[in-house]
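Analysis of the macromolecular model
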Amino acid sequence: MSVLITGGSGNLGGALVQHFLNSGTSVTTTSHLGSTPVGAISIAIDLSRPGSGEELASRLAAEDFKVIIHNAADQSVAEIAQQDSQAIHAMLSTNLASIAEFTSAWARSKKVPESIIGISSVEAASARPGHALYGASKAGLSAYLRTAAVELAPTLTQEQIPLLNARRCVHCLLEQPR
């Protein structure tokens, strides 16, 4: 089995990469820093750039992933009045647009995986000062992947595109029997 995990260098991403490596799974991961656990194939890419999702799909066109986990995220905290255009677009690209670009390109290639997992957040449904844009991007991710499940059926179903709250993700995903 092979797995793609975007955002594999942070706390949650690193734990996911390590879990799959420990189970003998082939792991490819992305990081804007380019650093990931030993044993994973690491691809350095900045998902905040427009077009980066399509670029990633193109770079991985020869691969056939069974599971794709969208974990990369920009979690910058800024109140609405302090957000500038560049920061807004960077967060929306990282948290939503790059995933939409990648999923669209991957679907066109007819290599739909067994599961696509989106790491969401409680902030998609709750308000916290400084987190308006992050919450909106995660709510958008949730809506996008629910619709992807409908459009990519019968290859994928909504059950195969779980949206995991990051706080519960380790328990929901890593504790599942293989």
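Residues numbered from 1 in each chain as written. Predicted model: local features only at pLDDT ≥ 70, side-chain atom pairs only at ≥ 80, totals over all residues. Heavy atoms only, no water.

Overview of the side chain of Asp-74
Considering the arrangement of structural elements, one finds Asp-74 in the loop between β4 (67–70) and α3 (85–108). The charged side chain of Asp-74 is buried without a salt bridge, its nearest counter-charge being Lys-138 at 10 Å. At a separation of 2.5 Å, a polar atom in the side chain of Asp-74 contacts the side chain of Ser-76. Each residue touching Asp-74, except ones within four places of it in the same chain, is listed here: Ala-90, Met-91, Thr-94, Asn-95 and Tyr-134. (Helix = DSSP H or I, 4+ residues; strand = E, 2+ residues; numbered from the N terminus. Buried < 20%, exposed > 50% of the residue type's maximum accessible area, 1.4 Å probe, protein only. Lys, Arg positive; Asp, Glu negative; His and termini not counted. Salt bridge = Lys/Arg side-chain N within 4 Å of Asp/Glu carboxyl O. Polar contact = N/O pair within 3.5 Å; in protein donor to acceptor, adjacent residues only side chain to side chain. Contact = heavy atoms within 4.5 Å.)

Focus: the side chain of His-70
By secondary structure assignment, the location of His-70 is in strand β4. Setting aside chain neighbours within four positions, we find His-70 in contact with Thr-6, Ile-99, Phe-102, Thr-103, Ile-116, Ile-117, Gly-118 and Ile-119.

Brief notes about the confidence of the model for the protein
Per-residue pLDDT for the protein has a mean of 85; in total, 86% of the residues score no lower than 70. Per-element averaging of pLDDT across the protein places helix α5 (residues 166–174) at the bottom with 43 and helix α2 (residues 52–59) at the top with 96. Overall, residues 165–178 carries pLDDT values under 50, and its contacts beyond four positions in sequence, including any with other chains, amount to 26 contacts. (pLDDT = per-residue confidence, 0-100.)

A closer look at the environment of Ala-57
Secondary-structure assignment places Ala-57 in helix α2. According to the relative accessible area criterion, Ala-57 is buried, its value standing at 7%. Along the backbone, Ala-57 and Ser-109 are 52 residues apart, and their C-alpha atoms lie at a distance of 9.3 Å. For Ala-57, the contacting residues outside a window of four places in its chain are Phe-102, Ala-105 and Trp-106.

Structural notes on α2
If you check which residues of α2 are buried, you get Ser-52, Gly-53, Leu-56 and Ala-57. For α2, the arc enclosing every buried residue in end-on projection is 140 degrees, short of the 170-degree limit, so these residues lie on one face. Buried positions along α2 lie against β1 (2–6), β2 (26–31), β3 (41–44) and α3. (Arc of directions from axis to C-beta.)

Some details on the pairing of β1
Within β1, 5 of the 5 residues are buried, which leaves it mostly tucked inside the rest of the structure. Neither face of β1 is left uncovered, since the one carrying Ser-2, Leu-4 and Thr-6 and the one carrying Val-3 and Ile-5 both have all their residues buried. At this point the chain moves from β1, through helix α1 (residues 11–22), to the parallel β2, and the crossover so formed is right-handed. Pairing geometry for β1 and β4, over 4 bridges, is parallel. Pairing of Thr-6 across the sheet is with His-70, part of β4. (Right-handed = clockwise from strand over helix to strand, strands pointing away. Pairing = 2+ DSSP bridges.)

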